[in-house]
Amino acid sequence: MIRAILGGTFDPIHWGHLRPALDVVQQIGADILHLMPSAQPPHRDYPGATAQQRLAMAALAAKELPYCAAEAWELEQPRKSYTALTLQQLAQRWPNDKLIFLLGEDAFAGLPQWYQWQHLLDHAHFVVMQRPHTKRHYCEQLQQWLHGVEVQSIAALHEQHHGRVYIAQTPAHDISATAIRNAIQTGAPWQHWLPASVAEYITEHQLYR
Ligand code: ATP
């Protein structure tokens, strides 16, 4: 079984996460897309919604969409969310499956700051999704690393169990959680950036006001 995993703060989850991720799922022929909210985000300030609310929104999004399931794993760990550790543990949980971790170009550019980043590919492939307004600038260290692990096709990704990076062509959606939170505060329209059930949840719980 091929499992795609999209981790993120998801504060809130939006179409900028979901549409490119579903596109990758189809390109790769993955069986499931796990939407996995992170616990205390190591790279940024604390989010606006609680962990349970972020998980609830991911679950609502998953219900509306094919292939998707919300994954509480990182929220249940008594530690910060470090992708290298999470992937190691998920590989133990699903020993017969192939793991594909999805991330946006902006997150990928910051990879050398991640905990044990040289071990990120020990248990999974990484697939990078396009993100508008991201400067395609990878530092020297990342470029060198990429040189040894990048593949140019999905077929090449299928040939190995883990250890490769594929930079995918995905539809560009100029949406961010920050823009959504700002729009809610300023009264600008924002509902069209998320699945309807997630927008309803935000309104009902008066989040980000
Ligand atoms: P914030 O605005 O609060 O920083 P965000 O919208 O960037 O949040 P995150 O939850 O931090 O969302 O992102 C989770 C993952 O999804 C990251 O790998 C990020 O690069 C990716 N991602 C987020 N928005 C997009 C988008 N519009 N297009 C492609 N990838 C995206």
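What comes next is a walk through the structure. All values reported here derive from a predicted model rather than from experimental measurement.

### Considerations on the site of the ligand
For step 1, the next point in the chain: Taken together, 18 residues lie around the ligand, and Gly 8, Gly 16, Gly 104, Ala 177 and Thr 178 are the ones closest in.
For step 2, the next point in the chain: Secondary-structure elements contributing two or more residues to the shell around the ligand are helix H1 (15–28), strand S4 (98–104), helix H5 (105–109) and helix H8 (177–186).
For step 3, the next point in the chain: Top element by residues in the shell around the ligand is H1. It accounts for 3 residues.
For step 4, the next point in the chain: For the shell around the ligand, the residue count by class is 7 nonpolar, 8 polar and 3 charged.

### Topic: the environment of Thr 86
For step 1, the next point in the chain: Relative to the assigned elements, Thr 86 resides in helix H4 (residues 83–93).
For step 2, the next point in the chain: Spatially, the C-alpha atom of Thr 86 lies 32 Å from that of Ile 184, the residues being 98 residues apart in sequence.
For step 3, the next point in the chain: Not counting residues up to four positions away in its chain, the partners in contact with Thr 86 are Trp 73, Glu 74 and Ser 81.

### Here we look at unusual backbone geometry
The general pattern is negative phi for most residues beyond glycine and trans for most peptide bonds.
For step 1, the next point in the chain: In this model, Asp 11 is joined to Pro 12 through a cis peptide bond whose omega is 5°.
For step 2, the next point in the chain: Within the secondary structure layout, Pro 12 lies in the loop between strand S1 (2–8) and H1.
For step 3, the next point in the chain: Notably, Phe 10 is not glycine yet its phi reads approximately 55°, a positive angle.
For step 4, the next point in the chain: Summarising the element assignment, Phe 10 is placed in the loop between S1 and H1.
For step 5, the next point in the chain: The class of Phe 10 is buried, set by 24 C-beta atoms lying within 10 Å.
For step 6, the next point in the chain: A positive phi angle, close to 50°, is found at Gln 206, a residue other than glycine.
For step 7, the next point in the chain: Inspection of the secondary structure assignment puts Gln 206 in the segment after helix H9 (196–204).

Procedures and definitions
- Residues numbered from 1 in each chain as written.
- Predicted model: local features only at pLDDT ≥ 70, side-chain atom pairs only at ≥ 80, totals over all residues.
- Near = placed C-beta within 6 Å.
- Helix = DSSP H or I, 4+ residues; strand = E, 2+ residues; numbered from the N terminus.
- Nonpolar A, V, L, I, M, F, W, Y, C, P; charged D, E, K, R; others polar.
- Contact = placed C-beta atoms within 7 Å.
- Buried ≥ 20, exposed ≤ 12 C-beta atoms within 10 Å, placed from the backbone.

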